[in-house]
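Listed here are the chains, written in short residue letters.
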Amino acid sequence: MAAFTAADVKKLREKTGAGMMDAKKALEAADGDVEAAVDALRAKGLATAQKKSSRTAAEGLVGVAVEGTRGVAVEVNSETDFVAKNDQFQDFVRKTTQAALSASSDDVEALKGMAHPDGGTIGDKLTDNVATIGENQQVRRMKTVAVENGLVVPYVHNAVSPNLGKIGVLVALESEADKDALETLGRQLAMHIAAAFPQALNAEGLDPALIERERAIAKEKAAESGKPENVQEKMVEGAIGKFAKENALLSQVFVMDNKTPIEQVVAQAGKDAGKPIVLKDYVRFQLGEGIEKEESDFAAEVAAAVKG
């Protein structure tokens, strides 16, 4: 039995960021020599990968992939925009997104357990990328949309490579209309979605917490008006109605003519095509949305490095 204690395992984990079992195995192999264990973990890439996983990853790429009536969007984050331009990273995002097309759910952990076309699992490849590229990377989220009959149209705004960029959109159109007509409509709608950032397909789909937040703001504004209570209530309901209209996709005004609600745009396209068209669902992934980026103080970092 190698001579090391629980404190040694803790020390090794703090030095490398490695998992408990990896640290224990490394100490066993090194006969309790912490520094030798550090070297062993670094050689395997485990120290590098695990320690970097604590750093904020808010850059990266959004990938989209479509196969007939099914499409998926995947966001993979990195720490810097520089890595997003790396061929190895782009290849990983592209192949991961393609693999996600056959996933049975939008569970990222399940996706990471799926086979990677170059061998091993997607999770294995991700760990290898972290070690070889030298930055934390995370498969953050995915979403699948599908129709029974029709088309799923992909769009990437300012693509850095085919189907890869910072804003990825999917539009799911249910219809028996001509595929060319659906492709044209889908691309127009996707460009609108990229620009207008809807929060839900319709008003009923808006997050209740978001509505309540807007309601609280509207109540405060109404109270400041000094008007009678019944008037204030109407002001609040009016504000909520306006918010829902502006943030639900079907009621948003089409950015290409700045006057027609999206619902009418879709209905007119169906009339023109001779077949009804239903905008069933959509996805809009914008890189890093909802992630709090760490603000770096370069001078402080240098000072800390000098002291340490």
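One can find the structure itself at the top, above this paragraph.
So, a few notes on the structure that sits alongside this text. Computed from a predicted structure; not experimentally measured.

### Some words on the nonpolar core
Then step 1. Counting residues in hydrophobic clusters, the biggest one holds 25 residues, and the most contacted among them are Val169, Val171, Leu173, Leu189, Ile262, Ile277 and Leu279.
Then step 2. Looking at this core, the elements that each hand over two or more residues are strand 4 (150–157), strand 6 (167–175), helix 9 (179–196), helix 12 (262–273) and strand 7 (277–286).
Then step 3. Of all the elements, helix 9 adds the most residues to this core, at six residues.
Then step 4. In contact with leucine 189, not counting residues within four places along its chain, are Val171, Leu173, Ile262, Val266 and Leu279.
Then step 5. Counting residues in each nonpolar core, the second largest holds 21 residues, with Leu61, Phe92, Ala99 and Ala103 among its members.

### Some thoughts on the packing of helix 10 (residues 208–225) against helix 11 (residues 229–247)
Then step 1. Between helix 10 and helix 11, the least distance of the axes is 9 Å, while the angle of their chain directions is 140 degrees. Classified by the angle between their axes, helix 10 and helix 11 sit oblique to one another. At the point where helix 10 passes helix 11, the crossing takes the right-handed sense. Seen from helix 10, the contacting residues are Leu210, Ile211, Glu214, Arg215, Ala218, Lys219, Ala222, Ala223 and Ser225; seen from helix 11, they are Gln232, Met235, Val236, Glu237, Ala239, Ile240 and Phe243.
Then step 2. Within the contact of helix 10 with helix 11, the residues separate by chemical class into 10 nonpolar, two polar and four charged.

### Quick notes on the sheet that holds strand 6
Then step 1. Pairing is antiparallel across the open sheet formed by three strands, whose spatial order is 4-6-7. Edge strands, defined here as strands with exactly one partner in the open sheet, are strand 4 and strand 7. On average, each strand axis in the sheet is inclined to that of its neighbour by 15 degrees, with strand direction left out of account.
Then step 2. The sheet contact formed by strand 4 and strand 6 spans eight bridges and is antiparallel. The partner of valine 153 across the bridge, within strand 6, is valine 171.

### Focus: the pattern of salt bridges
Then step 1. Enumeration according to the criterion identifies 13 salt bridges in this entry.
Then step 2. The shortest N-O distance in the salt bridge between glutamate 212 and arginine 215 comes to 3.5 Å. Residue glutamate 212 and its partner arginine 215 are both found in helix 10; the two are separated by three residues, about one turn of the helix.
Then step 3. Close ionic contact of glutamate 237 with arginine 215 constitutes a salt bridge, the shortest N to O distance being 2.7 Å. Residue glutamate 237 is found in helix 11, and its partner arginine 215 is found in helix 10; the two are separated by 22 residues along the sequence.

Cut-offs applied
Residues numbered from 1 in each chain as written. Predicted model: local features only at pLDDT ≥ 70, side-chain atom pairs only at ≥ 80, totals over all residues. Heavy atoms only, no water. Core = buried A, V, L, I, M, F, W, Y, C linked by side-chain atoms within 4.5 Å. Buried < 20%, exposed > 50% of the residue type's maximum accessible area, 1.4 Å probe, protein only. Helix = DSSP H or I, 4+ residues; strand = E, 2+ residues; numbered from the N terminus. Contact = heavy atoms within 4.5 Å. Axes fitted to C-alpha atoms, helices over the stretch in contact; angles between N-to-C directions. Parallel < 35°, antiparallel > 145°, perpendicular 65-115°, else oblique. Left-handed = near helix turned anticlockwise from the far one by under 90°. Nonpolar A, V, L, I, M, F, W, Y, C, P; charged D, E, K, R; others polar. Pairing = 2+ DSSP bridges. Salt bridge = Lys/Arg side-chain N within 4 Å of Asp/Glu carboxyl O.

Coordinates in, geometry out; function isn't part of it.
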